[in-house]
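# Fold and geometry: a report
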Amino acid sequence: MITLYHCDAARSFRPLWMLEEMGLPYELKMLPFPPRVFAKDYLALNPLGTIPFLIDGETRMTESSGICHYLGIKYGPTPLMVGPEDPAYGAFLNWMYFSDATLTFPQTLVLRYTQLEPEERRNPQVATDYAKWFLGRLRAVEAATANAETLCAGRFTAADIVIGYALRLASNIGLATDFGPNVATYWARLQQRDGFKRAVAAEQKAGVEQNVAPRVRA
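Since we're looking at a predicted model, the values are computed, not measured. (Residues numbered from 1 in each chain as written. Predicted model: local features only at pLDDT ≥ 70, side-chain atom pairs only at ≥ 80, totals over all residues. Heavy atoms only, no water.)

Scanning the chain from terminus to terminus reveals nine helices and four strands. Put simply, the chain runs from its N terminus to its C terminus through helices and strands in the order β-α-β-α-β-β-α-α-α-α-α-α-α. Here the C-alpha radius of gyration of the chain, 17 Å, is about what a compact globule of 218 residues would show, namely 17 Å. C-alpha atoms of the chain, sized along the principal axes, occupy 50 × 45 × 25 Å. Within the chain, buried positions represent 51% of all 218 residues. The contacts in the chain between residues at least 6 apart in sequence include a share of 69% that link residues at least 24 apart. Accessible area for the chain stands at about 10500 Å²; split by element, carbon and sulfur atoms hold 55% of it. In the chain, which carries 22 positive and 22 negative side-chain charges, the distance between the mean positions of the two groups comes to 3 Å. (Helix = DSSP H or I, 4+ residues; strand = E, 2+ residues; numbered from the N terminus. Rg over C-alpha atoms; globule rule 2.2 N^0.38 Å. Buried < 20%, exposed > 50% of the residue type's maximum accessible area, 1.4 Å probe, protein only. Contact = heavy atoms within 4.5 Å. Areas by Shrake-Rupley, 256 points an atom, 1.4 Å probe, with all protein chains shown as cover. Lys, Arg positive; Asp, Glu negative; His and termini not counted. Charge placed at Lys NZ, Arg CZ, Asp CG, Glu CD.)

Another point: unusual backbone geometry. The linkage connecting Phe 33 with the following residue, Pro 34, adopts the cis geometry, with an omega of -10°. By the element assignment, Pro 34 lies in the loop between strand E2 (26-30) and helix H2 (35-38). Each neighbour pair has its own omega, and for Ile 51 with Pro 52 the value is 5°, a cis peptide bond. Mapped onto the elements, Pro 52 comes out in the loop between H2 and strand E3 (53-56). Residues other than glycine seldom take positive phi values, yet Ala 153 does so here, at roughly 65°. Structurally, Ala 153 is set in the loop between helix H6 (139-144) and helix H7 (158-172). Judged by relative accessible area, which is 28%, Ala 153 ranks as partly exposed. With a phi close to 60°, Asn 211 is a non-glycine residue in the positive phi region. Tracing the backbone shows Asn 211 in the segment after helix H9 (194-209).

For the rest of this paragraph, the subject is the environment of Leu 31. Summarising the element assignment, Leu 31 is placed in the loop between E2 and H2. When the C-alpha atoms of Leu 31 and Ile 67 are compared, they prove to be 18 Å apart, with 36 residues separating the residues in sequence.

Taken as a whole, this structure holds 11 salt bridges when the rule is applied. For the salt bridge of Asp 56 with Lys 74, the shortest nitrogen-to-oxygen distance reads 3.4 Å. Taken as a pair, Asp 56 in strand E3 and Lys 74 in helix H3 (residues 64-74) lie far apart in primary sequence, 18 residues in all. Here Asp 56 falls in the buried class, since its relative accessible area comes to 8%. Salt-bridge contacts for Glu 117 lead to Arg 112; the nearest nitrogen and oxygen are separated by 2.5 Å. Residue classification places Arg 112 among the partly exposed residues on the basis of a relative accessible area of 34%. (Salt bridge = Lys/Arg side-chain N within 4 Å of Asp/Glu carboxyl O.)

Now for the environment of Val 212. Relative to the elements of secondary structure, Val 212 occurs in the segment after H9. Contact partners of Val 212, with chain neighbours within four places excluded, come to Met 30, Leu 31, Pro 32 and Gly 207.

Turning to H9, a few remarks are in order. In this model H9 runs 22 Å from its N-terminal to its C-terminal C-alpha over 16 residues, within 8% of the 22 Å that 1.5 Å per residue would give. All buried positions along H9 are accounted for by Gly 195, Phe 196, Ala 199, Val 200, Ala 202, Glu 203, Ala 206 and Gly 207. Considered in projection along H9, the buried side chains sweep an arc of 160° and stay on one side of the axis. In this structure, H9 carries Asp 194, Lys 205, Val 208 and Glu 209 as exposed residues pointing more than 90 degrees from its buried face. Of the surrounding secondary structure, the elements contacted by the buried residues of H9 are strand E1 (2-6), helix H1 (13-22), E2, H7 and helix H8 (181-190). Asn 211 lies just past H9 and shows a positive phi near 60°. (Expected span 1.5 Å × (residues − 1). Arc of directions from axis to C-beta.)

So, to be careful, I would describe these as geometric facts and stop short of saying anything about function.
Okay, here's the thing in structure tokens:
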């Protein structure tokens with residue numbers, strides 16, 4: 001049984017969404033955010049104290065987009081993956097890496113310096129600068145979705161899942177009002193997917209059952 005450690009609305013939502021899209025059985029373990037502060041016993045399992053943490057037999061993984069790639073390859077074949085024989089393979093891999101390295105990274109600094117740090121350490125200038133960084137990089141998604149409903153290969157893939165989470169995070173920290181029209185439409189479309197809705201429902205259900213309150217969001 002696959003086990004996924006997850007915090008409400010955290011980047012671990014990427015593999016949760018992937019699991020739901022693929023219809024794979026899994027166990028979802030909810031943690032308070034950030035777990036390294038509020039669930040110190042978790043450090044014995046994952047010394048980084050980060051989310052996600054996936055256990056699949058002997059496999060241990062901590063990188064959200066990498067976990068999505070792993071699930072698609074190990075438990076495929078699935079149309080969510082794009083293979084090296086496909087002309088869109090390079091674009092697919094680029095979006096998979098772009099999702100965290102380029103899009104989620106600046107958002108974590110916005111989140112940190114607007115919500116997570118103590119009041120005296122919050123820094124509106126840092127938050128503003130990194131919000132602009134994120135929105136500038138989001139121009140790539142705006143361009144890609146100008147004439148297409150998905151990012152690559154002419155269909156919904158794991159690339160849409162990992163980029164879609166970055167849009168969900170942006171919504172939660174107050175950046176969605178600055179989405180371009182194509183990104184806004186794309187994000188609205190992603191939220192209508194049954195797999196997305198199932199992942200949100202699973203997150204909420206597990207939080208209630210495990211008595212882990214959702215994060216306070218902007």
